[in-house]
Structure formats: C-alpha cells, structure tokens
Amino acid sequence: PPSQGWRTFLGNRVGCLASVDFFVVPTVTFRLLFVCIVLHHERRRIVHFGVTAQPTSEWTSQQIREAFPWDTAPRYLIRDRDASYGTVFHSRLQALGLNEVLTAPRSPWQNAYAERVIGSIRRECLEHVIILNEHHLRRLLMSYLAYYHRFRTHLSLGKDCPEPRPIQPPGQGRIIAFPQVGGLHHRYERLAA
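Let me sum up the structure you'll find in this document. Bear in mind the structure is a predicted one, so any value in this text is a computation, not a measurement.

Brief notes about the pairing of strand E1 (residues 17-26)
Part 1: Counting buried positions along E1 yields eight of ten residues, so the element is predominantly enclosed.
Part 2: In this structure, E1 lies alongside strand E4 (residues 76-79), joined through three bridges in parallel fashion. When the bridges of E4 are listed, Ser19 appears paired with Ile78.
Part 3: Relative to strand E2 (residues 32-40), E1 runs antiparallel, the two sharing nine bridges. For Val24, the partnering residue across the bridge sits in E2 and is Phe34.
Part 4: In this structure, the hairpin formed by E1 and E2 is closed by a connection of five residues, where Phe30 is found at a positive phi of approximately 65°.

As for helix H5 (residues 134-150)
Part 1: With 17 residues, H5 ought to run about 24 Å at 1.5 Å a step, and its terminal C-alpha atoms sit 24 Å apart, in line with that.
Part 2: The set of residues buried in H5 consists of His136, Leu137, Leu140, Leu141, Tyr144, Leu145, Tyr147, Tyr148 and His149.
Part 3: Buried residues in H5 make contact with E1, E2, strand E3 (45-52), helix H4 (112-124), strand E6 (173-180) and strand E7 (185-192).

With respect to the packing of H4 against H5
Part 1: Packing of H4 against H5 leaves a shortest axis separation of 12 Å and a crossing angle of 115°. Here H4 is positioned roughly perpendicular relative to H5, judged by the angle of their axes. For the pair H4 and H5, the crossing hand works out as right-handed. Packed against H4, whose contacting residues are Val117, Ser120, Ile121 and Glu124, the element H5 presents Leu141, Tyr144 and Tyr148 at the interface.

Rules used in this analysis
- Residues numbered from 1 in each chain as written.
- Predicted model: local features only at pLDDT ≥ 70, side-chain atom pairs only at ≥ 80, totals over all residues.
- Heavy atoms only, no water.
- Buried < 20%, exposed > 50% of the residue type's maximum accessible area, 1.4 Å probe, protein only.
- Helix = DSSP H or I, 4+ residues; strand = E, 2+ residues; numbered from the N terminus.
- Pairing = 2+ DSSP bridges.
- Expected span 1.5 Å × (residues − 1).
- Contact = heavy atoms within 4.5 Å.
- Axes fitted to C-alpha atoms, helices over the stretch in contact; angles between N-to-C directions.
- Parallel < 35°, antiparallel > 145°, perpendicular 65-115°, else oblique.
- Left-handed = near helix turned anticlockwise from the far one by under 90°.

Here it is, written out as structure tokens:
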C-alpha cells in the first residue's frame, strides 16, 4: 500500500512530535531579532524559546539542549531547511536521540503547528507593541507565553489550555477580569462569594 499522508503521520505520532522554527522581529531601531520556538505537539506547549541577533548552528543546538534536558526529548523533531541549522545542530539531535523530519522546500504547511503558534504570537502580541531591544522582546514573550499556557484556550484541545485548568461552575460567584500581557489580553475567573 502507499505510504501514509502527512496529516495521518502527524495524527498518529502527536505525542512524540516536536517542532522548531524561527521568526524575525524588527526593533524600533530597525535591528532584526530572531526568535527560535520549540513546540511540543501533544498539548501545543511551547517548551522553549530563544532570542538572538545572529542565529548560528551552535546557538540553535544550545536551544534544543535547553528545550529537552536529560531524557525528555520526543522521538521526532520537525524542522525546515533553514541555513541556521547546521552540522552542530544535526549532531546535537543525534546525541539526544531525536529523528529529524525535514519539510519540503517552501512548504510551511508541513510544519503547521509551529507556523500557527508563530502567527498567534504575531497577531495577539507583537503587532500591538513596538519592540525596543532584545531584553524587551524576551520579557514580552515570557509574559505572553505565561498567558498562552495557562489561560488562552485552543479549539484543538477542546477549549482547554496547554496547562489544564479547573472548570469554574456558574454558582461559584461573579466573573472578574484580570489583565494579562500588559493589558493586551484578559483572563476571566469567578470571584468566590
């Protein structure tokens, strides 16, 4: 029989898949900063991010080392054919026991989960803020990712968050809004009576 399709491959191995991808953020001084995102597919959890002005193969391999300490690495890592992944990165993946799954050239849809989370970060956070420098971007991303993991719902997770949260029944009290990410978003909780 023919081999399975890409969507079937992702569905069958969602528990042992992770993705890595880069995106570029301009600063107020028109300097470009590169953000590396490492995403675990099962709960759409961003396990690590890094910010740098010059991504090298050594820096990228360090990000993977920090994303998957000890024996926490999944079985497969999906990545594109970016030049910043080099021989050092490839040897780091082999040392961790990760199997690389390379996407086809110019096919961002093959790394759909990572592309989707990058789009969410851009739409929900970065398009509303002018980035000053690397420290400012890192601090803003930490704030957004705390909101993303604990309070932002995902349709693919049954309207739950990457970190599951308890359901608050209507009888628990009235709803209060708490600002998140510097007021860009809000989380809503019931105030106990």
